[in-house]
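Analysis of the macromolecular model
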Amino acid sequence: MANKPCILFFQIEPVKAKQIENICRTLKIQISKIKPASYSQKLGYLAGVTGFNRENITYSGAKFPTEMLVFSGMDSDMLDLFLEKYKEAGIPPIGLKAILTSQNIFWTAEMLYKELWQEHHSFQK
């Protein structure tokens, strides 16, 4: 399943995006800034996973109101290193984060966002 290490950016604030891009460059992790029109695409396609093609559908809903990161093709050591560098850089946290799995690879970005949003809010209570 795993392709090259990649992080999908959803609605990341520009200054924060630049800081994260610097970490990714150092660690040789690709980034992909996902535009709202692609929120109806499967995560596998957005992450560039072989066998996933663009579907003939354009998202027409609202932009996601908060930031989200999706990690793809990264083992736990690389993910830990990324998160360590993120923390060291003093970048403000992003509440919604996920790792691409054999389950959610078939989900759309919108489906994942709604799932993470619900989980995040149930933890806040």
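**Observations concerning the sheet that holds strand β2 (residues 30-34)**
If you walk across this open sheet you meet the four strands as β2-β1-β3-β4, and the pairing is mixed. Either end of the sheet is taken by a strand with one partner, and the two such strands are β2 and β4 (96-99). Neighbour to neighbour, the strand axes of the sheet diverge by 20° on average, direction disregarded. The sheet contacts of helix α1 (residues 14-27) involve β1 (6-10) and β2, and relative to β1 the element is tilted by about 175°.

**Some words on the packing of α1 against helix α3 (residues 76-88)**
The packing of two helices is summarised by the inter-axis angle and the distance between the axes. Put simply, α1 and α3 touch, their axes get as near as 10 Å, and they point 135° apart. In this view, α1 runs oblique relative to α3, as classed from their interaxial angle. Considering only the axes of α1 and α3, their crossing is right-handed. Between α1 and α3, the residues in contact are Lys-16, Ile-20, Ile-23, Cys-24 and Leu-27 and Met-78, Leu-81, Phe-82, Lys-85 and Tyr-86, respectively.

**Remarks on the environment of Ala-47**
Mapped onto the secondary structure, Ala-47 falls in the loop between α2 (43-46) and β3 (68-72). Taking the C-alpha atoms as reference points, Ala-47 and Trp-117, 70 residues apart in sequence, are found 20 Å from one another. For Ala-47, the contacting residues outside a window of four places in its chain are Leu-8, Ser-72 and Leu-100.

**Some thoughts on the environment of Glu-13**
Relative to the elements of secondary structure, Glu-13 occurs in the loop between β1 and α1. Between the C-alpha atoms of Glu-13 and Thr-50, which are 37 residues apart in sequence, the distance is 29 Å.

Criteria and thresholds
In this numbering scheme, every chain counts its residues from 1 along its sequence in written order. A pLDDT threshold of at least 70 governs which residues receive local features in this predicted model, and a stricter bar of 80 or more applies before side-chain atom pairs are shown or counted, although totals over entire chains, interfaces and linings include all residues. Only hydrogens and water are set aside when side-chain values are computed; all heavy atoms of the structure are taken into account. Whether two strands pair depends on DSSP finding at least two bridges between them. Labels follow the DSSP assignment, with helices taken as runs of H or I lasting at least four residues and strands as runs of E lasting at least two, numbered in each case from the N terminus. Note on geometry: axes are C-alpha line fits, over the in-contact stretch for helices, and angles between N-to-C directions span 0 to 180 degrees. The contact rule is simple, with two residues in contact once any of their heavy atoms fall within 4.5 Å. Here the angle decides the label: under 35 degrees means roughly parallel, over 145 means roughly antiparallel, 65 to 115 means roughly perpendicular, and every other value means oblique. Put simply, a crossing is left-handed when the front helix is turned counterclockwise from the back one by less than a right angle, and right-handed when it is turned clockwise.

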